[in-house]
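Now for the letters of each chain:
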Amino acid sequence: MNVQVSTNFRKHARKTIFSIVVFAVSYVALLLLSIGITVGFTLLGVLIFAAKPMFLTAVLCLGLFASGLTILFFLLKFVFASTKVDTGHLTQIYEQDEPQLFALIHEVVNEVDTSFPKKVFLSHDVNASVFYDSSFWSMFLPIRKNLQIGVGMVNAVTQQELKAILAHEFGHFSQRSMKVGSYVYHVNQIIYNMLYKNESLDNMFEKWGNISGYSAIFIGISVFIIQQIQHILKHLYEYVNLNYLALSREMEFHADEIAAHVAGSQALADSLLRLSFANHALNNVLTFYDSKFSENIRSRNIYPEHRSVMLLFAERNRYQMRNGFPQIELATLKRYDKSKLNLEDQWSSHPSDEDRVKALQQLNITKQEINNAPAIELLANRAAVANQISDKLFAQVKYEKPPLSLEIASFNEDFENRMNKYALDQRFNDFYDFNHPIKKGETPIFQVQPKPTFDELFADNRVDILYELNSLKNDKYVVEAISKGETKLKSFDYDGLKYRPEDASELLQKIEDNIIATELKITDYNQQIHFYFARLAEEQGQIKEFERRYYDFAFFDKNYEETQALYTDMTENTRFVFQTLPFADIEAKLSDLKRRESEFKKKLELLLGLPDSKKDLEESLIRSLDTYVSRDLVYFNVDHYNEDHLQILFDAISVYKKLLDDQHFMKKKHYLDFMLTLEEGKWQRDDLS
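Residues numbered from 1 in each chain as written. Predicted model: local features only at pLDDT ≥ 70, side-chain atom pairs only at ≥ 80, totals over all residues. Heavy atoms only, no water.

Colleague: Explain a nonpolar patch on the surface to me, and be specific about the residues and the numbers.
Modeller: A contiguous nonpolar surface patch, about 440 Å² in accessible area, is contributed by Val 28, Leu 32, Ile 35, Val 39 and Leu 43. Looking at the element boundaries, Val 39 is found in helix α1 (residues 7-51). On the basis of relative accessibility, which here comes to 44%, the residue Val 39 falls in the partly exposed class. (Patch = residues over 30% accessible without salt bridge, like charges linked within 9 Å, V, L, I, M, F, W, Y side chains within 5 Å. Areas by Shrake-Rupley, 256 points an atom, 1.4 Å probe, with all protein chains shown as cover. Salt bridge = Lys/Arg side-chain N within 4 Å of Asp/Glu carboxyl O. Helix = DSSP H or I, 4+ residues; strand = E, 2+ residues; numbered from the N terminus. Buried < 20%, exposed > 50% of the residue type's maximum accessible area, 1.4 Å probe, protein only.)

Colleague: Can you break down a positive patch on the surface residue by residue, with the values?
Modeller: Taken together, Arg 10, Lys 11, Arg 14, Lys 15 and Lys 490 make up a surface patch of like positive charges. Along the chain, Lys 15 turns up in helix α1. What makes Lys 15 partly exposed here is its relative accessible area of 43%. (Lys, Arg positive; Asp, Glu negative; His and termini not counted. Charge placed at Lys NZ, Arg CZ, Asp CG, Glu CD.)

Colleague: I'd like a rundown of empty space enclosed by the protein, residues and numbers included.
Modeller: With the rule as written, the count across this model stands at one cavity of 30 Å³ or more. Of the pockets and cavities examined, the largest cavity occupies roughly 40 Å³. Counting residues per element, the ones that place at least two in the lining of the largest cavity are α17 (504-539) and α22 (643-688). The element contributing the most residues to the lining of the largest cavity is α17, with three residues. Taken together, the residues that form the lining of the largest cavity break down as six nonpolar, two polar and no charged. (1 Å grid on protein atoms, 1.4 Å probe; cavity = no way out; pocket = protein on both sides within 12 Å on 5 of 7 lines; lining within 4 Å. Points joined across faces, edges and corners; volume = space filled by probe spheres on them. Nonpolar A, V, L, I, M, F, W, Y, C, P; charged D, E, K, R; others polar.)

Colleague: Residues and numbers for the pattern of salt bridges, please.
Modeller: Under the counting rule described, the total for this entry stands at 34 salt bridges. Residue Arg 596 pairs with Asp 569 through a salt bridge whose shortest N-O separation is 2.8 Å. You can see Arg 596 sitting in helix α20 (residues 583-608) and its partner Asp 569 sitting in helix α19 (residues 560-572), a full 27 residues away along the chain. Under the relative-accessibility criterion, Arg 596 is labelled partly exposed at 28%. Among the residues examined, Asp 569 registers a relative accessible area of 22% and is labelled partly exposed. Salt bridges sharing common partners tie together Lys 292, Glu 295, Asp 414 and Arg 418.

Colleague: A description of the packing of aromatic side chains should follow, citing residues and the corresponding values.
Modeller: Scanning the entire structure with this criterion turns up 32 aromatic pairs. Plain terms: the ring middles of Phe 454 and Phe 533 are 6.2 Å apart, the flat faces sit at 90° to each other, and that makes the pair edge-to-face. Pair noted here: Phe 454 is in helix α15 (residues 454-457) and Phe 533 is in helix α17, with a separation of 79 residues, a long-range link. Of the residues examined, Phe 533 reaches a relative accessible area of 0% and is grouped as buried. (Phe/Tyr/Trp six-rings, centres within 6.5 Å; stacked < 30°, edge-to-face > 60°.)

Colleague: Give me helix α21 (residues 619-630): which residues, what numbers.
Modeller: Between the first and last C-alpha of α21 there are 17 Å, a value that for twelve residues agrees with the 16 Å anticipated at 1.5 Å per step. Listed in full, the buried residues belonging to α21 are Ile 622, Ser 624, Leu 625, Tyr 628 and Val 629. Along α21, the residues classed as buried sweep out an arc of 160° about the axis, all on the same side. Among the exposed residues of α21, those oriented more than 90 degrees off its buried face are Glu 619, Arg 623 and Ser 630. (Expected span 1.5 Å × (residues − 1). Arc of directions from axis to C-beta.)

Colleague: If you had to explain the sheet that holds strand β12 (residues 492-494) to someone new, which residues and values would you point to?
Modeller: One open sheet holds the three strands; their spatial order is β10-β12-β13, and the pairing between them is antiparallel. Looking at strand neighbours, the two that pair on one side only are β10 (341-342) and β13 (497-499), the edges of this open sheet. Of the pairings in the sheet, the one linking β12 to β13 comprises three bridges and is antiparallel in character. Note on β13: the bridge partner recorded for Tyr 494 is Leu 497. (Pairing = 2+ DSSP bridges.)

Colleague: Kindly report on the side chain of Asp 475, identifying the contributing residues and their values.
Modeller: Mapped onto the secondary structure, Asp 475 falls in helix α16 (residues 460-483). It turns out Asp 475 is buried and unbridged, and the closest side chain with the opposite charge, Lys 340, is 7.4 Å from it. In this structure, Asp 475 is in contact with Ser 339, Lys 340, Leu 341, Tyr 494 and Ile 511, ignoring residues within four places of it in sequence. (Contact = heavy atoms within 4.5 Å.)

Colleague: Break down the packing of α1 against helix α2 (residues 55-76) for me, citing the residues and quoting the values.
Modeller: Packing of α1 against α2 leaves a shortest axis separation of 8 Å and a crossing angle of 170°. As the angle between them shows, α1 and α2 are arranged roughly antiparallel. Here the residues of the contact of α1 with α2 are counted per class, giving 20 nonpolar, seven polar and no charged. (Axes fitted to C-alpha atoms, helices over the stretch in contact; angles between N-to-C directions. Parallel < 35°, antiparallel > 145°, perpendicular 65-115°, else oblique.)

Right, here's the structure in full:
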């Protein structure tokens with residue numbers, strides 16, 4: 001296969017190669033300079049010792065010689081450095097055990113025209129990658145790559161989509177035109193090694209310093225010169241890296257095109273759009289089991305559970321199903337992101353999924369033979385492999401006693417119950433996910449019609465306004481950073497128009513005006529909804545209950561920001577515990593913390609006194625909280641922290657946040673559920689009439 005590189009690829013490749021030449025020339029100049037310093041220091045030391053032979057001049061001679069060698073070592077140490085990838089968390093598989101998966105890999109390798117991977121590993125996650133141990137000599141010697149395949153990814157794609165994903169990974173190494181990317185990667189590693197991986201040098205300085213007090217002088221000389229070299233290298237690193245990242249983005253498009261020729265545009269596009277969703281589902285499964293740690297419960301096999309959660313989330317989000325998998329359209333993602341801001345992220349190594357999908361759609365390469373069977377069926381011993389990977393994943397958890405496993409039916413019931421507890425009814429169409437049912441003012445500002453229906457109140461166009469507000473606020477944050485010079489750009493686009501950084505302040509005002517107008521519109525929607533349900537409550541003789549539930553939530557919501565600020569304040573003012581400070585500073589900060597703690601304890605005690613607030617808390621944690629509220633704990637004693645008391649404090653801060661958020665949500669849900677009861681009562685009355 002010979003897929004031609006794009007004009008952009010060639011342009012960025014030329015820039016990258018030029019940046020490598022600049023680095024090479026600069027490095028040789030620095031190396032020659034360091035050799036000159038080493039020779040100069042050595043000659044100076046010898047001359048001083050020859051002029052007056054004695055112990056001090058001998059030390060000076062040796063010290064100058066060592067300083068020169070240290071600087072030279074700094075510039076050459078990358079030659080001996082190597083990067084080894086830790087494979088302890090991975091599971092190696094072999095062709096005799098997994099013939100179908102290896103057959104697919106052979107097929108992709110042949111079509112892409114590259115070499116077969118040295119080893120094939122499975123991991124637990126939603127990912128695929130090609131990796132290898134690298135060193136300075138990797139630029140000159142051929143190295144066979146290893147392939148890592150995430151079972152979480154295999155569990156979420158068809159065989160055709162897996163073929164496309166593997167073709168993309170191998171596509172990075174398949175053609176001569178892609179070699180420049182690998183070469184630049186190693187140059188970047190060299191500079192990074194000299195800038196940030198200096199443990200060996202630090203150890204050398206430490207040992208040198210222990211030999212004699214005179215060593216400090218020569219260490220100081222070496223450090224000063226090395227710092228000047230690093231200052232130059234930092235500029236070179238930024239220059240080379242910016243060009244490399246621009247090329248890297250083009251390499252992604254190029255590898256996508258190779259994958260499209262192997263498996264078709266649609267297969268790769270569908271998998272790109274689904275994988276972040278699949279990763280979200282897997283993280284939810286793992287989070288679920290985090291909460292089961294205290295009950296000594298783990299998963300025997302996380303992948304049937306992973307699939308169950310994907311299907312559940314797909315149903316909740318109303319995604320279409322195709323070939324047994326959720327189909328996530330580009331338009332669906334764009335519904336949540338209504339940003340009008342367009343700026344090129346110079347420091348991103350990958351283009352956005354949206355840009356990649358659009359490029360694939362433009363290629364529009366179709367394949368006649370397509371295998372849409374689940375990719376997980378390629379694993380001959382999938383249950384055993386999945387169990388083995390799950391065992392390795394949970395082996396990191398230290399249980400008090402041998403853990404029990406949940407059956408899939410029990411998992412589904414427990415997971416869905418937990419999700420429902422923190423989910424609002426779907427009939428609200430996500431309107432209250434980022435919005436609270438608070439009315440402001442007495443009458444609606446805008447009236448679409450005298451009596452809107454329930455469906456009109458929660459229509460898609462109204463929910464879209466909420467996403468628009470979120471995007472406006474995000475845009476404001478970015479444009480604010482540009483106006484302050486925190487984000488460096490030559491220019492950027494907003495709503496189809498090009499702006500310079502100096503125009504950002506003027507644009508910021510426009511965005512803020514749009515935020516105010518959008519918030520007013522949402523306020524009006526909330527008013528319309530409130531009066532709609534107040535009228536239903538009046539008609540059904542439920543107005544007192546309606547108002548009780550409303551004001552119960554509204555009062556809590558009014559103080560919610562203030563109580564959230566108290567949590568932030570306590571979190572910020574306990575960070576010093578993790579810093580190394582003089583004892584006097586620790587005492588001063590603890591004194592300040594104690595003053596803040598009085599109000600915090602009162603608020604925590606109020607939260608603990610609310611109905612059902614302690615329902616999901618362990619007994620040991622409840623006892624810890626009672627101790628915190630009732631006692632004056634000592635966090636620091638003379639010269640050391642009291643770790644037990646600090647743990648009680650941190651537990652209290654964490655639980656405070658959880659209780660606060662839980663109460664806010666439950667009061668909101670309590671009120672919204674009653675609104676639905678009123679709507680159901682309306683339909684019953686209409687049916688009777």
